[in-house]
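Each chain, written out:
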Amino acid sequence: MEWNLQTAEALAAALRAGEVTSVELTDEAIARIERDDKVINAICVPDFDRARAAARDADRARSRGEERPLLGIPVTVKESYNIAGLPTTWGMPQYRDYVPTEDAVQVTRLRAAGAVVLGKTNVPLGLQDLQSFNELYGTTNNPWDHARTSGGSSGGSAAALASGFGALSIGSDIGGSLRTPAHFCGVHAHKPTLGLVANRGMVPPPAPALPVDLDLAVVGPMARTARDLTLLLDVMAGPDPLTLGVAHDLTLPPARHQRLSDFRVLVLDEHPFIPTGSAVRAGVKRVADSLVDGGAHVERHTPLLPDLAEAATLYTHLLFSGSTARFPVEAYEQLRARAAGLSADDRSLDAARLRGMVFSHRDWIEANDRRELHRHGWRQLFAEFDAVVCPITPTPAFPHDHNPDLLERRIDIDGFEYPFFDQLVWAGLATMPGLPATAIPAGLSPDGLPVGVQLIGPMFEDRTPLRLAELLEQRLGGFQAPK
């Protein structure tokens, strides 16, 4: 039997039943990587010798009667996580020789759960793109169409999963970096509630791995099925043992419902700042139709929805407010002069990006206060609904675009061009207030490319969108291997 595209849940059952060993799974995964990754380029830092040693240890542990959630299961890790003895570069050439001596907290949790780490997956330069390419490791191609991107910044992880290079992976997300690659590659991902999953050791080099509370950014699981997402989230979730973990234990509430017919769902496919392409609209419709067919209560409109235009502007301000912190003074002053020249009537996202880059601390406090109002609005909405279904980006995976000036790039939506960064508005809908969001496959476009949607849930009720994802997977079919 070929195990590479099996779920982590199925592999765990087979390992328990003695149908396969971890050494066999690991050798098969390595062989597949060595055979197929020359054209995909998902695994940028292999760690095969240590993976084989870990697999042998896992088989010995199982023979002693040990049981752990991921015991013996091959996985991958996004390059941006520290792994002792392996380079952490974030795709930046000046750090090609930076090798941390301590694992990130999530790598520690993977190993404690028994996972076998095959290696690290590719990322964009500084994690600052919706694609995954850099001078050090090259370009990761979409397994469905090598001329297209696998997404970013967790594009290597999504491509690895779609290609059968390990059963699970871990990534990170601030601008859709878990959800967009999942959408582009036809796999699942979960952006946890802000603060739910400890992030220490997922830090740009050569910064020390400190337990810092990040604004907007999270780390989270990627998998080929919704149930595997839940399995991995249970391993990852919980406070950092150096800070809140000293006094706090985590108990996630159960999903609000177990049956599809009990869910109340709001479906969105239109945004005031950018159109939704026909292929993605069709994917949203497939999900909406499956919800209706399953007896769920589905609405398309509600006065409870926070203003989408204001939410996108606020997200853009917060996202870009930290991007210039280490700019040279001269460059920062040039940005301030450009921002001062903007018309007060310019409410475009280009203007919001520029204004955010030169935010004062006072500006940030005001934006954060508005964010709290949006969070309160979402709490009111989730008193009436259990989840929101909406796009992740307006299109399926787009062709590689290596223009180094991201602000000059354009995204083609059904024949019309829009600013490249404007497509972040859907990802920002969950990111800005810190809500959990689960990316699920929703079929293929007419061109044969994967299309995904996201299920946004109530804050700290991550099991609710994950359960809805599982129920929809049963109706929609879930993961398909690339043709």
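In what follows, the structure referred to is the one given above.
To start, this report covers the structure provided alongside it. Just so we're clear, the structure is a prediction, and the values are computed from it rather than from any experiment.

Attention shifts here to the overall build of the protein chain. Helix and strand counts for the protein chain come out as 14 helices and 17 strands. Scaling as 2.2 N^0.38, a compact globule of 483 residues should have a C-alpha radius of gyration of about 23 Å, and the protein chain matches this with 21 Å. Dimensions of the protein chain, computed from the C-alpha atoms along their principal axes, are close to 70 × 55 × 50 Å. Residue burial in the protein chain is summarised as follows: out of 483 residues, 59% are buried. A total of about 19,000 Å² of accessible surface is found on the protein chain, and carbon and sulfur atoms cover 53% of it.

In this description, an aromatic ring pair is defined by two values, namely the gap between the centres and the angle between the planes. Here the structure, examined in full by the defined rule, presents 5 aromatic pairs. Arranged with centres 5.6 Å apart and planes meeting at 85°, the rings of Phe320 and Phe421 form a pair that is edge-to-face. With Phe320 in helix H9 (residues 308–321) and Phe421 in the loop between strand S15 (416–419) and helix H13 (425–431), this pair connects stretches of sequence that are 101 residues apart. Comparing Phe320 with Phe421 shows no difference in burial state: the two are buried. Taking the centre distance of 5.6 Å and the plane angle of 85° together, the rings of Phe398 and Phe420 count as edge-to-face. Pair noted here: Phe398 is in the loop between strand S13 (387–390) and strand S14 (410–413) and Phe420 is in the loop between S15 and H13, with a separation of 22 residues, a long-range link. For the pair Phe398 and Phe420, one class covers both residues: buried. An aromatic cluster of at least three residues, connected via ring pairs, comprises Phe184, Phe320, Phe398, Phe420 and Phe421. Note that Arg409 overlies the ring of Phe420, its terminal NZ or CZ placed 4.9 Å from the centroid.

Unfilled space is identified by rolling a water-sized probe across the atoms. There is about 420 Å³ of room inside the second largest pocket. When its residues are assigned to classes, the lining of the second largest pocket shows 15 nonpolar, 6 polar and 4 charged.

What follows is about the pattern of salt bridges. Opposite charge on two side chains permits pairing when their charged atoms draw close. Here the structure, examined in full by the defined rule, presents 29 salt bridges. In this structure, Arg35 engages Asp36 in a salt bridge whose closest nitrogen and oxygen atoms are separated by 2.7 Å. The class of Arg35 is exposed, set by a relative accessible area of 55%. Residue Arg62 is joined to Glu67 by a salt bridge in which the shortest nitrogen-to-oxygen separation is 3.1 Å. On the basis of relative accessible area, Arg62 is assigned to the buried category, the value being 16%. Connected via shared salt-bridge partners are Glu9, Arg227, Arg467 and Glu470.

Another aspect to go through is a nonpolar patch on the surface. Taken together, the side chains of Leu210, Val212 and Leu214 make up a nonpolar region of the molecular surface, amounting to roughly 240 Å² of accessible area. Mapped onto the elements of the fold, Val212 is located in the loop between strand S9 (188–191) and strand S10 (218–223). The partly exposed category is assigned to Val212, whose relative accessible area is 43%.

This part covers the pairing of S9. Neither face of S9 is left uncovered, since the one carrying His188 and His190 and the one carrying Ala189 and Lys191 both have all their residues buried. Two strands pair when backbone bridges link them, and S9 and S10 are joined in this way by 2 bridges, in the antiparallel orientation. Residue pairing for S10: His188 is matched across the bridge by Ala223.

We now examine the environment of Ala84. Positionally, Ala84 belongs in the loop between strand S2 (74–78) and helix H4 (105–112). Along the backbone, Ala84 and Ala104 are 20 residues apart, and their C-alpha atoms lie at a distance of 8.4 Å. For Ala84, the contacting residues outside a window of four places in its chain are Arg50, Pro100, Thr101, Glu102 and Asp103.

Here we come to the pairing of strand S11 (residues 264–267). The pairing of S11 with strand S12 (residues 297–299) spans 3 bridges and is parallel. Across the sheet, Val265 pairs through a bridge with Val298, a residue of S12. Taking the sense of rotation as the criterion, the β-α-β connection linking S11, helix H8 (residues 278–293) and S12 turns out right-handed.

A sheet is described by the order of its strands in space; here 11 strands give the open sequence S1-S3-S2-S8-S10-S9-S16-S17-S13-S11-S12, paired in mixed fashion. Unpaired on one side and paired on the other, strand S1 (43–46) and S12 mark the two borders of the sheet. Within this sheet the neighbouring strands show an average axis-to-axis angle of 30°, counted without direction. Where strand S8 (residues 168–173) lies against S10, 6 bridges are found, and the strand directions are antiparallel. Across the sheet, the residue bridging to Ser172 is Val219, located in S10. Most of the contacts of helix H3 (residues 48–63) go to strand S3 (residues 116–121), to which it runs at about 155°, and overall it touches S1 and S3.

Reading the values: rules and limits
Residues numbered from 1 in each chain as written. Predicted model: local features only at pLDDT ≥ 70, side-chain atom pairs only at ≥ 80, totals over all residues. Heavy atoms only, no water. Helix = DSSP H or I, 4+ residues; strand = E, 2+ residues; numbered from the N terminus. Rg over C-alpha atoms; globule rule 2.2 N^0.38 Å. Buried < 20%, exposed > 50% of the residue type's maximum accessible area, 1.4 Å probe, protein only. Areas by Shrake-Rupley, 256 points an atom, 1.4 Å probe, with all protein chains shown as cover. Phe/Tyr/Trp six-rings, centres within 6.5 Å; stacked < 30°, edge-to-face > 60°. Lys NZ or Arg CZ within 6 Å of the ring centre and 35° of its normal. 1 Å grid on protein atoms, 1.4 Å probe; cavity = no way out; pocket = protein on both sides within 12 Å on 5 of 7 lines; lining within 4 Å. Points joined across faces, edges and corners; volume = space filled by probe spheres on them. Nonpolar A, V, L, I, M, F, W, Y, C, P; charged D, E, K, R; others polar. Salt bridge = Lys/Arg side-chain N within 4 Å of Asp/Glu carboxyl O. Patch = residues over 30% accessible without salt bridge, like charges linked within 9 Å, V, L, I, M, F, W, Y side chains within 5 Å. Pairing = 2+ DSSP bridges. Contact = heavy atoms within 4.5 Å. Right-handed = clockwise from strand over helix to strand, strands pointing away. Axes fitted to C-alpha atoms, helices over the stretch in contact; angles between N-to-C directions.

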